[in-house]
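Summary of structural features
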Amino acid sequence: MLQYDDSAFYFFALSSIIFYIVPSWYTIVTKVSKALFSSDEAIGAVSRTSAEKKKAVELKKTSKGLKTLYSTGFIVNFLITLALTALFLWLYFSVQSDGEVNSFDPFT
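As a starting point, this report considers the structure included with it.

Quick notes on the rules
Residues numbered from 1 in each chain as written. Predicted model: local features only at pLDDT ≥ 70, side-chain atom pairs only at ≥ 80, totals over all residues. Heavy atoms only, no water. Helix = DSSP H or I, 4+ residues; strand = E, 2+ residues; numbered from the N terminus. Expected span 1.5 Å × (residues − 1). Buried < 20%, exposed > 50% of the residue type's maximum accessible area, 1.4 Å probe, protein only. Core = buried A, V, L, I, M, F, W, Y, C linked by side-chain atoms within 4.5 Å. Contact = heavy atoms within 4.5 Å. Phe/Tyr/Trp six-rings, centres within 6.5 Å; stacked < 30°, edge-to-face > 60°. Polar contact = N/O pair within 3.5 Å; in protein donor to acceptor, adjacent residues only side chain to side chain.

**So, helix α4 (residues 72-97)**
With 26 residues, α4 should cover 38 Å at 1.5 Å per step; its first-to-last C-alpha distance of 38 Å lies within 8% of that length. Restricting attention to buried positions, one finds in α4 the residues Phe-74, Asn-77, Thr-81, Thr-85, Phe-88, Leu-91, Ser-94 and Val-95.

Encoded structure:
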């Protein structure tokens, strides 16, 4: 890649990638937890009458379960986050093996 200082690029890439993957993983985890573990009260599916009971059943179908996660935006974000996480881990282990940043010393 770079002939002089690969490790400096690794540090820059790691710090740049972290700005995307941390908020993205937070968003993914919150959406999955809302889809799988949200209560009826959290989504507003509490019913008092039979008409509200029918509406509550429809609301549960549309806002709970794995099928709520099948939007194009969520899937694209998840795939990009997985790819960047794999790149982040590869860069992290590369920095561990090649971790010293080279410096230029004009007096040697």
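Structure shown, so let's carry the discussion forward.
**Here's the deal with the environment of Ser-97**
Positionally, Ser-97 belongs in helix α4. In the structure, Ser-97 is positioned 90 residues away from Ser-7 in sequence and 9.5 Å away in space, judged by C-alpha atoms.

**Considerations on the nonpolar core**
Among the nonpolar cores identified, the biggest contains eight residues, and these are Tyr-10, Ala-13, Leu-14, Ile-17, Ile-21, Phe-88, Leu-91 and Val-95. Of all the secondary structure elements, the ones that give two or more residues to this core are α1 (6-37) and α4. Top contributing element to this core by residue count: α1, with five residues. Contacts of Leu-91, omitting those with residues within four sequence positions, involve Tyr-10, Ala-13, Leu-14 and Ile-17.

**Looking at the packing of aromatic side chains**
In the structure shown here, the tally under the stated rule is five aromatic pairs. Ring geometry for Tyr-10 against Trp-90: centres 6.0 Å apart, planes inclined by 75°, an arrangement best described as edge-to-face. Residue Tyr-10 is located in helix α1, and its partner Trp-90 is located in helix α4; the two are separated by 80 residues in the primary sequence. By relative accessible area, which is 9% here, Tyr-10 ends up buried. On the basis of an interplanar angle of 70° and a centroid distance of 5.4 Å, the ring pair of Tyr-92 and Phe-93 is categorised as edge-to-face. One aromatic cluster in this structure is built from Phe-9, Tyr-10 and Trp-90.

**What to know about the side chain of Thr-85**
Its place among the elements puts Thr-85 in helix α4. Only 2.9 Å separates the side chain of Thr-85 from the side chain of Trp-25, close enough to count as a polar contact. Of the polar contacts made by the side chain of Thr-85, one reaches the backbone oxygen of Thr-81; its length is 2.6 Å. Setting aside residues no more than four positions away along its own chain, Thr-85 makes contact with Ile-21 and Trp-25.

Read these as geometric descriptors, not functional statements.
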